[in-house]
Amino acid sequence: MNEPTKTNGPLVNVDGVEKVFRRGSEDIHVLRDLHLKVPAGEFLALMGPSGSGKSTLLNLIGGLDRPTRGSVSIGGERLDGLSDRLLAGWRARHIGFVFQLYNLMPTLNAERNVELPLLLTHLTKAERRKHVAAALEMVGLSHRAKHFPRTMSGGEQQRVGIARGIVTDPTLLLCDEPTGDLDRKAGDGILDLLQALNREHGKTIIMVTHDPHASARALRTVHLDKGQLSAEAVA
Amino acid sequence: MAGLFKWFLQVASVTKFGLLSIPQRRGSALASVIGIAGVVAVLVSVLSMATGFRQTMSGTIPPDAVIVLRNGADSEMVSGLSRPETRLIADAPGLVRGSDGPLASAELFVIVDLPKRSTGTDVNVPMRGVERAAFQVRDKLKMVEGRAFEFGKNEVIVGTAAASQFAGMQVGGKIKVGREQWPIVGVFSANGAAAESEVWTDATMLQGAFNRGDSFQAVYGKLATPGAFNQFKDSLTTNPQLDVKVERQADFNESQSAAMTKMIDTLGILIAGLMAVGAVFGALNTMYNAVSARTREIATLRALGFGRGSVVVSVMIESLALALIGGLIGAALAYLFFNGHRTSTMNFQSFSQVSFAFAVTPALLVKGITWAAIIGVVGGIFPAVRAARLPIASALREL
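Sequence order as written defines the numbering, with residues in each chain counted from 1. Labels follow written order: the first chain is A, the first ligand is 1, and so on. It should be noted that, the model being predicted, local features are given only for residues of pLDDT at least 70 and side-chain atom pairs only at 80 or more, the latter also being counted only at that level, while totals for whole chains, interfaces and linings use all residues. In computing side-chain properties, one takes all heavy atoms of the structure into account and sets aside hydrogens as well as water.

Turning next to empty space enclosed by the protein. Put simply, the grid is 1 Å and covers the protein atoms alone, a cavity is a trapped set of points that fit a 1.4 Å probe, a pocket is an open set with protein on both sides within 12 Å along at least five of seven lines, and lining residues have an atom within 4 Å of a point. Grid points are joined across faces, edges and corners, and a volume is the space filled by probe spheres set on the points. Across all of its chains, the model carries two cavities of 30 Å³ or more by this definition. Lining the largest cavity are 30 residues, with Ala194, Ala195, Glu198, Gln249 and Asn253 of chain B sitting closest to its centre. Strands here mean DSSP runs of E at least two residues long; helices mean DSSP runs of H or I at least four residues long; both are numbered from the N terminus. When residues of the lining of the largest cavity are traced back to their parent elements, those giving at least two are β6 (122-130), α8 (249-293) and β16 (352-357) of chain B. Each residue belonging to the lining of the largest cavity can be placed in one class, and the counts come to 14 nonpolar, 10 polar and six charged. In this model, the second largest cavity occupies a volume close to 50 Å³. In terms of lining, the second largest cavity is formed by Ala92, Ile95, Gly96, Phe97, Pro117, Arg164, Gly165 and Thr168 of chain A together with Leu304 of chain B. Those elements that provide at least two residues to the lining of the second largest cavity are β6 (95-98) and α5 (154-166) of chain A. Looking at the lining of the second largest cavity, the element that brings in the most residues is β6 of chain A, giving three residues. Nonpolar residues are Ala, Val, Leu, Ile, Met, Phe, Trp, Tyr, Cys and Pro. Charged residues are Asp, Glu, Lys and Arg, and all others, Gly as well, are polar. Tallied by class, residues from the lining of the second largest cavity come to five nonpolar, three polar and one charged.

Next comes the structure, spelled out in structure tokens:
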């Protein structure tokens, strides 16, 4: 749906990023002079212990937060030049989010949850319905379209979350511990789905995880420790 | 245009989530609704008292009704006119002339003590001595029970409001006038006017009972046309034999009720204002709870690309919606319990009881609901700003 961002360089370019949080009078350096490039079509796993800064990095790439120093560019567009309002519009067009706790609206059924990002587009109601049906089909939940989150298993809810993440055909799918709240079987189902989205549909995916079993599904894994990249592994 | 439509769609969606999640926060939402309903119910019912009083005093008086008092008198109680003066007034140009002469009634106004039906305690009841023309001057006056009193006899008739508010005021009963008991021979209505709170008799008989000699306190007249007022007034105020003031009766009654209505209005707004302050805090609490309970939901929407503006507007709409529900409930309660409810109170201008009905008018209902809307907006604005400023990244992880 969205025009693929045209660039000769990497899709994601994190350049010398630092992130400092202030707690009282103390500065906490969560990310330090971090460089990362992610080409289009990659499935990247970000691993690291708690507090290593992996979720912070994901938030910076997704335009949910801003770096203290350095820059983040997606498809050649620097995010630090965008106002809050423009950044919100940019997120709607280019980023699909998948959250650990699914973050579905409890008062909406599955198809209405999936439709949410489409409300920010110019699509007609009929077009939105078509896209929602396709996304639910892709995650194998067409038969649960009218069900509310409270009547679904964790795995099903996460599938709805993924359908919501991909329904606008975003440039980049960002997953923050997508299997972190699921049992192994349901988690494997979600990882199968992400792998299929990457392999069969060419989706660029960045996934934060602390689970080696999950990171094994990625094409490349980078490790963060104390705010810096410490190791890298290619599948 | 498409951008605006998209924005409205965003606002509608975010608002819908908020409204649909109210049942999960029903406790605080209900407290807010009840608080605002209370404010509106009190405001509307107290102000309906002033409105009803004002309507009784001046709302039903036609523009051709005039009253003449001694110059400087601000009520009938402190006015005084001799019989020759009342004749000069009746003969002035501008009044309607019937077969028996001009439509002017020289009247005497006294206070009698009668027990109030609701409390049994004695209150000041206005008693009016009138001349024959009085029934034509107040052409809306109708006997609804019994008959009119006969001139030259110690008989009285009572207004419908007096009959319902004061004890023993039925036809066949008697009331104490001076040292005697006078029979009640009829009950009259006067189109809701203050006269319905009065007891009427022959002015000459009343002069005798109260040792008033041949004096009166006011002359009530009916103008040939409402436009004849200036002619009538000028002829009296320029007459060197008279020292009087002339007013349209509606204006006079308005001034008679002004002190009382202002006091009730002020009291009503003061009480409701204090309650409104409490209700604003109630609404604030409700909406802060709402924002707090929906932190992750709001952050998720923001992450998906929904703007701050739509979040602010949605919280405001939710607050406004709860306030309007409260306002409607309060207005409905005031209407159901108070509209038409009759009571009587002391009119400080005449030191006598005036019976009136609470009047919950459409204007008062609109005023009450406007108050509710203001409470909703004030109670929603700070939580809305807080919702819009939520740091998305950390709010997404809130449980």
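To continue, consider the domain arrangement of chain B. Residue and element names in this part refer to chain B. Domain extents, as shown, originate in an automatic or database domain assignment. Assigned domains of chain B: these are domain 1 (2-58 + 256-396) and domain 2 (72-242). We call two residues in contact when some of their heavy atoms are within 4.5 Å. The partner domain 2 presents 16 residues to the 14 residues of domain 1 that form the contact. A pair is scored as a salt bridge if a Lys or Arg side-chain nitrogen falls within 4 Å of a carboxyl oxygen belonging to Asp or Glu. Remark: the boundary between domain 1 and domain 2 carries zero salt bridges. Here a polar contact is recorded for every N or O atom pair within 3.5 Å, except that within protein the pair must consist of a potential hydrogen donor and a potential acceptor, and residues adjacent in sequence are included only if both atoms are side-chain atoms. At the boundary of domain 1 and domain 2, one finds one residue pair in polar contact (both at pLDDT 80 or more). Those elements that provide at least two residues to the side of domain 1 that touches domain 2 are α2 (26-59), β15 (342-347) and β16. Tallied by class, residues from the side of domain 1 that touches domain 2 come to four nonpolar, nine polar and one charged.

Moving on: the packing of aromatic side chains. Working definition: a ring pair exists when centres of Phe, Tyr or Trp rings (six-membered ring for Trp) sit within 6.5 Å. Plane angles under 30 degrees give stacked, over 60 give edge-to-face, the rest tilted. Evaluation of the coordinates by the stated rule reveals six aromatic pairs over all chains. Their ring planes at 50 degrees and their centres at 5.9 Å tell us that Phe135 of chain B and Phe149 of chain B sit as a pair that is tilted. One end of the pair, Phe135 of chain B, is in helix α4 (residues 134-137); the other, Phe149 of chain B, is in the loop between β7 (142-146) and β8 (156-159), with 14 residues separating them in the sequence. Classification of Phe149 of chain B by relative accessible area gives buried; the value is 4%. Pairing Phe135 of chain B with Trp200 of chain B gives two aromatic rings, centres 5.7 Å apart and planes at 70 degrees, and the pair type is edge-to-face. Residue Phe135 of chain B is located in helix α4, and its partner Trp200 of chain B is located in strand β11 (residues 199-202); the two are separated by 65 residues in the primary sequence. Partly exposed residues are those whose accessible area sits between 20% and 50% of the maximum for their type, while under 20% is buried and over 50% is exposed, using a 1.4 Å probe and protein chains only. Residue classification places Phe135 of chain B among the partly exposed residues on the basis of a relative accessible area of 22%. One aromatic cluster in this structure is built from Phe135, Phe149, Phe151, Phe188 and Trp200 of chain B. Lying over the aromatic face of Phe148 of chain A, Arg150 of chain A brings its terminal NZ or CZ to 5.2 Å of the ring centre. In our convention, an over-ring charge means Lys NZ or Arg CZ found within 6 Å of a ring centre and within 35 degrees of that ring's normal.

All names here are of chain A. Here a helix's expected span is defined as the number of its residues, less one, multiplied by 1.5 Å. The terminal C-alpha atoms of helix α4 (residues 125-138), which comprises 14 residues, lie 20 Å apart, in line with the 20 Å expected from a rise of 1.5 Å per residue. Those residues of α4 lying buried are Arg128, Val132, Ala135 and Leu136. Viewed along the axis of α4, the buried residues span an arc of 95 degrees, placing them on a single side of the element. Opposite its buried face, α4 presents the exposed residues Ala126, Lys130 and Glu137, each directed more than 90 degrees away. Two residues or fewer past α4, Gly140 is found with a positive phi of approximately 75 degrees. Arc definition: it is the arc formed by the directions from the helix axis to the C-beta atoms.

In this section: the interface of chain A and chain B. Contacts between chain A and chain B engage 25 residues on the former and 25 residues on the latter. Values labelled buried area give the accessible surface lost by two parts on being combined, using a 1.4 Å probe and summing over both. Of all residues in chain A, Met105, Thr107 and Leu120 of chain A bury the most surface against chain B, accounting for 25% of the area lost on that side. Across the chain A-chain B interface, the total number found is five residue pairs in polar contact (both at pLDDT 80 or more). Considering every element that reaches the side of chain A that touches chain B, the biggest residue donor is helix α2 (residues 84-94) of chain A, with four residues.

Residues and elements named next belong to chain A. Angles shown run from 0 to 180 degrees and are taken between the N-to-C directions of axes, each axis being a line fitted to C-alpha atoms and, for helices, limited to the stretch in contact. Across the interface, α5 lies against helix α6 (residues 184-201) with an axial gap of 9 Å and an inter-helix angle of 20 degrees. Taken together, the axes of α5 and α6 lie roughly parallel to each other. α6 is crossed by α5, and the crossing has right-handed handedness. Between α5 and α6, the contacting residues are Gly155, Gln158, Arg159, Ile162 and Ile166 on the first element and Ala186, Gly189, Ile190, Leu193, Leu194 and Leu197 on the second. Across the contact of α5 with α6, the residue classes break down as seven nonpolar, three polar and one charged. Here the word oblique covers every angle except those under 35 degrees (roughly parallel), over 145 (roughly antiparallel) and from 65 to 115 (roughly perpendicular). By definition, turning the near helix anticlockwise from the far helix through less than a right angle yields a left-handed crossing, and turning it clockwise yields a right-handed one.

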